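Chain and residue survey
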Amino acid sequence: MTDMVLLGDEAVALGAVHAGLTAAYAYPGTPSTEILEYLVRYRQKHGGPHAAWCANEKTAYEEALGVSFAGRRAMTSMKHVGLNVAADPFMNSAIVSINGGLVVVVADDPGMHSSQNEQDTRYYADFARIVCLEPANQQEAYDMAREAFDLSERFKIPVLIRLVTRLAHSRAAVRVRDARPQNPVRKPPVASSWVLLPANARRQWHDLLGRQPQFVEWSESGEFNHLRLNEERRDLGVITTGIARNYYVESLDELGYQPSHLHIGAYPVPVELMRRLLGHVSRVLVLEEGYPFVERMLRGIVAPDIEVLGKESGAVPPDGELTPDIVRRAMGLRERRGQEIPGLSLPNRPPQLCAGCPHADSFDAIKQAIAGFESAVVTSDIGCYTLGALPPYSAVESCVCMGASVGMAKGASEAGLKPALAMIGDSTFLHSGVAPLMDAVAANTDMTLLILDNETTAMTGGQPTILPPSRIEKLVLGLGVDPAHCHVITAHHRHTEENRQLIRKEVEYPGLSVIIAVRECIETLKTKKQG
Amino acid sequence: MKYDIILAGVGGQGVLSVSAIIASSAMKEGLYVKQSEVHGMSQRGGAVLANLRLADAPIASDLIPLGSAALILSMEPLESLRYLAYLSPEGALVTSTNPVVNIPDYPDLEGLLGHVRTLPQSRLVDGEKLARAAGSARATNMVMVGAASHRLPVKVETLEHYIQTTFAAKGEKVVETNLRAFRAGREAAA
């Protein structure tokens with residue numbers, strides 16, 4: 001037993017290694033990125049297990065699934081919206097009989113520190129009818145990661161671990177245990193359990209539904225879900241899930257007594273423990289990070305005969321991240337105040353492009369090139385260049401999901417907004433932009449696609465792009481883009497005037513053009529120079 | 001004993017290194033530590049905040065509650081004032097006086113410093129000047145660790161040890177510069 005100081009993300013990664021992980025796959029996304037970063041470093045140092053960045057979350061998931069098929073333990077990790085991309089393999093992998101343990105780690109971002117929504121992954125676990133673990137601290141992140149692989153093999157399902165930003169990106173000491181060896185290669189014992197033809201799929205689905213009571217029974221067993229009744233008080237009960245427990249415990253001393261308390265760290269929810277708590281108290285306060293997942297179950301559609309306090313009652317804000325102070329207020333404790341300077345108002349300092357960023361030069365060239373058009377549109381995508389929506393650039397008009405810029409520019413052009421430009425980074429293009437570009441090639445849509453190639457996945461800290469920059473042009477040409485309208489330019493202010501002219505010419509061409517603006521990210525360049 | 005620290009600055013100023021050095025030192029001295037960081041989008045030249053909690057008993061929350069920080073340690077004057085609501089009535093604010101002006105509506109610097117001076121316990125340090133004298137303006141964050149060191153519940157030798165460890169990979173010269181910066185900050189705030 002040794003103590004190590006780990007981020008929540010790193011604790012999950014090391015837990016997986018010690019559980020006999022054979023391979024891990026991911027696409028970077030805040031706040032999940034540090035999981036695979038840790039495993040990549042671990043592999044460099046120790047020679048294994050296998051750890052690799054992938055084109056997107058779907059390919060990462062499917063590669064992990066292949067490892068499980070081979071009887072060995074696999075993990076895939078992603079941010080919450082990444083699971084939307086991987087939803088197809090995710091939902092269907094719940095139906096096959098998982099062979100080697102398959103663990104899916106999803107880091108939610110309540111409060112949207114670095115995301116476009118705050119969807120709650122617990123709904124996905126429920127949707128797929130599988131088991132979900134929700135650690136409250138770094139130690140649980142490690143312990144649950146280890147346990148998740150055993151559960152996956154025992155129940156023959158993928159097991160989901162839900163993290164949230166504040167755990168993913170917080171460090172504390174973790175006690176680690178001896179590593180378990182990796183599984184040997186062994187194909188699934190029943191071959192048809194992985195062939196989801198309708199006849200097999202019906203049987204597999206029926207079987208998964210039939211095992212639901214086993215999952216609930218395990219959830220009731222008290223390994224991660226704990227009920228403590230206060231026999232002397234019957235007024236207030238508290239349900240916490242995941243890290244909400246920390247904020248509750250933080251202020252508990254001030255409450256002067258210990259309310260009856262159910263902590264949920266594992267799903268499906270422990271129905272019987274919930275019933276026992278509800279039968280004991282007249283009011284229940286539900287504290288959970290994310291959506292009111294447990295609270296809505298309690299409410300159902302029939303008014304419960306006890307008072308339920310939570311996000312739907314207004315006791316806790318319905319959106320944003322929990323804080324110790326929000327939980328204090330919900331517990332009925334007085335608000336604490338810090339220092340203040342009366343009348344002081346400070347300007348915000350939003351994130352911005354680094355000095356010398358190639359994207360800034362691309363924004364300048366594009367803005368100048370489309371000056372004068374009345375109904376021009378510039379769609380954009382997920383990455384540092386999304387900051388082009390903010391002053392001083394105000395150069396782009398959309399940011400929705402990975403790859404959306406390409407399809408949206410096609411639709412906007414077909415609807416009559418012209419010229420239509422799409423702006424996407426190299427890594428995002430390879431993640432989700434290639435398929436919509438195929439649509440645009442097929443239709444020879446009047447639009448211009450700008451691929452901002454900074455040779456890295458910059459926003460998440462400079463992970464390698466899945467293809468080197470030299471191959472993006474070949475890929476684009478291979479899709480059938482007219483070579484006369486496919487250009488590679490240098491994104492540098494020395495070239496802004498010639499770039500402006502070229503973009504203007506292609507914007508005026510009534511068909512599909514692709515311009516690849518290349519210059520390495522200033523941050524990765526700096527890191528390389530520092531050696 | 002509980003000692004909560006709000007660490008503030010602008011992306012790129014080395015707030016996370018400051019957090020790591022104090023956290024490692026506290027742990028070495030047997031304290032419990034929770035260290036919450038900001039990664040991702042906010043690191044790109046935006047406001048950066050880290051929560052560092054030290055205690056002699058296990059710590060529940062990764063986040064510091066309002067009104068309970070013993071110290072705000074900031075690399076930048078505007079950022080030092082952003083989190084006052086977290087500072088306990090007895091808490092201290094230690095900040096560098098050197099502004100990072102990367103927004104068009106950056107307030108008047110003298111006005112900002114004037115606000116800092118009105119707080120019951122505040123300390124202004126020209127971190128950049130001291131860091132330059134120590135060998136590199138990039139060591140401003142270590143000047144600020146030095147300036148705060150009088151108040152931190154960890155020994156100076158332990159902090160110096162972890163400054164050495166942190167910069168060891170970058171060579172002896174960088175280690176020496178950062179140690180000089182730390183000592184200059186400590187002296188300036190004595």
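It should be emphasised that the depicted structure is a prediction, and the values quoted were computed from it without experimental measurement.

When you go through chain B residue by residue, the secondary structure sums to 7 helices and 6 strands. Put simply, chain B runs from its N terminus to its C terminus through helices and strands in the order β-α-β-β-β-α-β-α-β-α-α-α-α. At 15 Å, chain B has a C-alpha radius of gyration in line with the 16 Å of a compact globule built from 190 residues.

This part takes up the overall build of chain A. Secondary structure summary: chain A contains 20 helices and 19 strands in total. Each of the three principal axes of chain A carries a C-alpha extent, and together these read 80 × 70 × 50 Å. Considering only intrachain contacts with a sequence separation of at least 6, the fraction spanning at least 24 residues in chain A is 78%.

Let us look at the sheet that holds strand E9 (residues 226–228) of chain A. Residue and element names in this part refer to chain A. Spatially, 5 strands are ordered E9-E11-E10-E13-E14 in an open sheet, and the strand pairing comes out mixed. With one partner strand each, in any of the chains shown, E9 and strand E14 (307–309) form the two edges of the open sheet. Between one strand and the next, the sheet's axes are offset by a mean angle of 15°, whatever the strand orientation. Set on the sheet, helix H12 (residues 271–280) makes contact with E9, strand E10 (236–241), strand E11 (260–264) and strand E13 (283–287); between it and E11 the angle comes to about 160°.

Moving on: helix H5 (residues 140–148) of chain B. Of all the 9 residues making up H5(B), 9 are buried; the element is thus mostly covered by neighbouring parts of the structure. For H5(B), the set of buried residues is B:Thr140, B:Asn141, B:Met142, B:Val143, B:Met144, B:Val145, B:Gly146, B:Ala147 and B:Ala148.

Once that is clear, we can look at the interface of chain A and chain B. With 36 residues of chain A at the contact, the number on the chain B side is 43 residues. Mapped onto the side of chain A that touches chain B, the elements with two or more residues apiece are strand E8 (170–176), helix H11 (244–255) and helix H14 (324–330) of chain A. Among the residues making up the side of chain A that touches chain B, the classes are represented as 17 nonpolar, 11 polar and 8 charged. Alignment of E8(A) against strand E2 (residues 32–36) of chain B, held across 2 bridges, turns out to be antiparallel. Its bridge partner lying in E2(B), A:Ser170 is registered against B:Ser36.

Take the domain arrangement of chain A next. Residues and elements named next belong to chain A. Partitioning chain A into structural domains gives domain 1 (2–210), domain 2 (226–330) and domain 3 (358–529). Contacts between the two partners involve 12 residues from domain 1, matched on the other side by 12 residues from domain 3. Of the residues that constitute the side of domain 1 that touches domain 3, the class distribution is 7 nonpolar, 5 polar and no charged.

This part is about the sheet that holds E8(A). An order of E1(A)-E8(A)-E2(B)-E3(B)-E1(B)-E4(B)-E5(B)-E6(B) is seen for the 8 strands of this open sheet, with the pairing classed as mixed. The open sheet has two free edges, formed respectively by strand E1 (2–7) of chain A together with strand E6 (122–125) of chain B, since each of these has just one partner strand. In this sheet, adjacent strand axes meet at a mean angle of 20° when their direction is disregarded. Running over the sheet, helix H7 (residues 138–155) of chain A touches E1 and E8 of chain A and is turned about 50° from E8(A).

On to H7(A). For H7(A), which comprises 18 residues, the first-to-last C-alpha distance of 25 Å matches the rise-based estimate of 26 Å (1.5 Å per residue) to within 8%. With 13 of 18 residues buried, H7(A) is to be regarded as a mostly interior element.

Residue and element names in this part refer to chain B. Contact geometry for helix H6 (residues 156–167) and helix H7 (residues 172–188): axes closest at 9 Å, N-to-C directions at 150°. Between H6 and H7, the interaxial angle falls into the category roughly antiparallel. Crossing geometry of H6 relative to H7 is assigned as right-handed. In this structure, H6 uses Glu160, Ile163, Gln164 and Phe167 to contact H7, whose residues at the interface are Val174, Val175, Asn178, Leu179 and Phe182.

Each regular strand displays side chains that alternate between the two surfaces of the sheet. Residues and elements named next belong to chain B. As judged from the 4 bridges shared by strand E5 (residues 87–96) and E6, these two strands associate in the parallel manner. Its bridge partner being in E6, Ser96 is matched across the sheet by Val125. Crossover connection from E5 via helix H3 (residues 109–118) to parallel E6: handedness right-handed.

Residue and element names in this part refer to chain A. Contact geometry for helix H1 (residues 8–18) and H7: axes closest at 7 Å, N-to-C directions at 30°. Viewed along their axes, H1 and H7 adopt a mutual orientation that is roughly parallel. Considering how the two elements wind past one another, H1 and H7 form a crossing that is right-handed. Taken together, the residues of H7 that come into contact with H1 (itself represented by Gly8, Ala11, Val12, Leu14, Gly15, Ala16 and His18) are Gln138, Ala141, Tyr142, Asp143, Ala145 and Arg146. Looking at the contact of H1 with H7 residue by residue, the classes come out as 7 nonpolar, 4 polar and 2 charged.

Residues and elements named next belong to chain A. Extensive coverage of strand E4 (residues 73–79) is indicated by the burial of 7 of its 7 residues. Alternating residues of E4 divide into Arg73, Met75, Ser77 and Lys79 and Ala74, Thr76 and Met78, and every residue in both groups is buried. Bridge count for strand E2 (residues 21–26) against E4 is 5 bridges, and the pairing is parallel. Residue pairing for E4: Ala26 is matched across the bridge by Ser77. Where E4 and strand E5 (residues 102–108) come together, 6 bridges link them in parallel fashion. Bridge pairing links Ala74 to Leu102 in E5.

Quick look at unusual backbone geometry now. Residues and elements named next belong to chain A. With omega at -10°, the peptide bond leading from Gly48 into Pro49 counts as cis. Relative to the helices and strands, Pro49 is located in the loop between helix H2 (33–46) and strand E3 (50–53). Here the bond from Lys418 into Pro419 is cis, since omega is -5°, no more than 30 degrees from zero. Considering the arrangement of structural elements, one finds Pro419 in the loop between helix H16 (404–415) and strand E16 (420–425). Of note in the backbone geometry, Lys156 takes a positive phi value of approximately 60° without being a glycine. Take Lys156: it is sitting in the loop between H7 and strand E7 (159–164).

Turning to the environment of A:Trp205, a few remarks are in order. Residues and elements named next belong to chain A. If you trace the backbone, Trp205 turns up in helix H9 (residues 198–210). Classification of Trp205 by C-beta neighbours within 10 Å gives partly exposed; the count is 14. Along the backbone, Trp205 and Val105 are 100 residues apart, and their C-alpha atoms lie at a distance of 23 Å.

Residues and elements named next belong to chain B. Note that Leu93 resides in strand E5. In this structure Leu93 comes out as buried when scored by C-beta crowding, with 24 C-beta atoms within 10 Å. When the C-alpha positions of Leu93 and Pro65 are compared, they lie 17 Å apart, and in sequence the two are 28 residues distant. Residues in contact with Leu93, not counting those within four places in the same chain, are Ile72, Ser80, Leu87, Val116, Leu119, Gln121 and Ser122.

Conventions adopted
- Residues numbered from 1 in each chain as written.
- Chains lettered and ligands numbered in written order.
- Predicted model: local features only at pLDDT ≥ 70, side-chain atom pairs only at ≥ 80, totals over all residues.
- Helix = DSSP H or I, 4+ residues; strand = E, 2+ residues; numbered from the N terminus.
- Rg over C-alpha atoms; globule rule 2.2 N^0.38 Å.
- Contact = placed C-beta atoms within 7 Å.
- Pairing = 2+ DSSP bridges.
- Axes fitted to C-alpha atoms, helices over the stretch in contact; angles between N-to-C directions.
- Buried ≥ 20, exposed ≤ 12 C-beta atoms within 10 Å, placed from the backbone.
- Nonpolar A, V, L, I, M, F, W, Y, C, P; charged D, E, K, R; others polar.
- Domains from an automatic or database assignment.
- Expected span 1.5 Å × (residues − 1).
- Parallel < 35°, antiparallel > 145°, perpendicular 65-115°, else oblique.
- Left-handed = near helix turned anticlockwise from the far one by under 90°.
- Right-handed = clockwise from strand over helix to strand, strands pointing away.

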